[in-house]
Amino acid sequence: MEIWINPACSKCRGAVRLLDAEGADYTVRRYLEDVPSPDEIRDVLDRLGLEPWDITRTQEADAKELGLKEWPRDADARERWITALAEHPKLIQRPIITAEDGTAVVARTDEAVRDAMGR
């Protein structure tokens, strides 16, 4: 299991605390430092069953500068969104846990973290 975190994020810290309390075996990826490639983002999206706009933090300053709220949310625009996430990793929703069964979850709640541990 791997968890993508921003240590400054309270949801990320809470997820890590819960993983530790439950004795989970996981690795931490500080995705702002170890930025995911477009291929890694595509893989996580496939594992999540989501589209890039579904995991984009549209309230971030970078999102506003890019005008993301106005971008189309369709198959033709998918790669543009993925490129934006790779070039501006702060836009990626967090934390994301990739589970051992090949799935992933956006682990913003204790229930989501427990769900990932059970996969």
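It should be noted that the structure appears before, not after, this text.
Because the structure is a prediction, the values reported are computed rather than measured.

A.B. asks: What should I look at first to understand the side chain of T58 in this one?
C.D. replies: Summarising the element assignment, T58 is placed in the loop between α2 (38-48) and α3 (61-66). Those residues in contact with T58 that lie beyond four places of it in its chain are A63, K64, K69 and R73.

A.B. asks: Would you mind going over the environment of C9 with me for this structure?
C.D. replies: Relative to the elements of secondary structure, C9 occurs in the loop between β1 (2-5) and α1 (10-21). Distance from C9 to P95, taken between C-alpha atoms, is 8.5 Å for residues 86 residues apart in sequence.

A.B. asks: Honestly, the environment of A24 in this entry has me stumped. Any pointers?
C.D. replies: Of note, A24 is situated in the loop between α1 and β2 (27-30). Along the primary structure A24 and I5 are separated by 19 residues, whereas in three dimensions their C-alpha atoms are 16 Å apart. Ignoring sequence-local partners within four residues, the contact set of A24 consists of M1, L19 and M117.

A.B. asks: Would you explain the packing of aromatic side chains in this entry?
C.D. replies: Two numbers describe a pair of aromatic rings. These are the distance of the centres and the angle of the planes. Throughout the structure, instances matching the rule amount to 3 aromatic pairs. An angle of 80° between the planes, with centres 5.4 Å apart, marks the rings of W71 and W81 as edge-to-face. One end of the pair, W71, is in the loop between α3 and α4 (78-87); the other, W81, is in helix α4, and 10 residues separate them in sequence. Both residues of the pair, W71 and W81, count as buried. Cation over ring: R80 sits above W71, and NZ or CZ is 3.8 Å from the ring centre.

A.B. asks: How should the pairing of β1 be read in this particular structure?
C.D. replies: Here β1 pairs with β2 via 4 bridges, running parallel. Counted as the bridge partner of I3 is V28 from β2. The β-α-β motif built from β1, the intervening α1 and the parallel element β2 has right-handed crossover chirality. Here β1 pairs with strand β3 (residues 96-98) via 3 bridges, running antiparallel. Bridging across to β3, E2 finds its partner in T98.

Basis of the calculations
- Residues numbered from 1 in each chain as written.
- Predicted model: local features only at pLDDT ≥ 70, side-chain atom pairs only at ≥ 80, totals over all residues.
- Heavy atoms only, no water.
- Helix = DSSP H or I, 4+ residues; strand = E, 2+ residues; numbered from the N terminus.
- Contact = heavy atoms within 4.5 Å.
- Phe/Tyr/Trp six-rings, centres within 6.5 Å; stacked < 30°, edge-to-face > 60°.
- Buried < 20%, exposed > 50% of the residue type's maximum accessible area, 1.4 Å probe, protein only.
- Lys NZ or Arg CZ within 6 Å of the ring centre and 35° of its normal.
- Pairing = 2+ DSSP bridges.
- Right-handed = clockwise from strand over helix to strand, strands pointing away.

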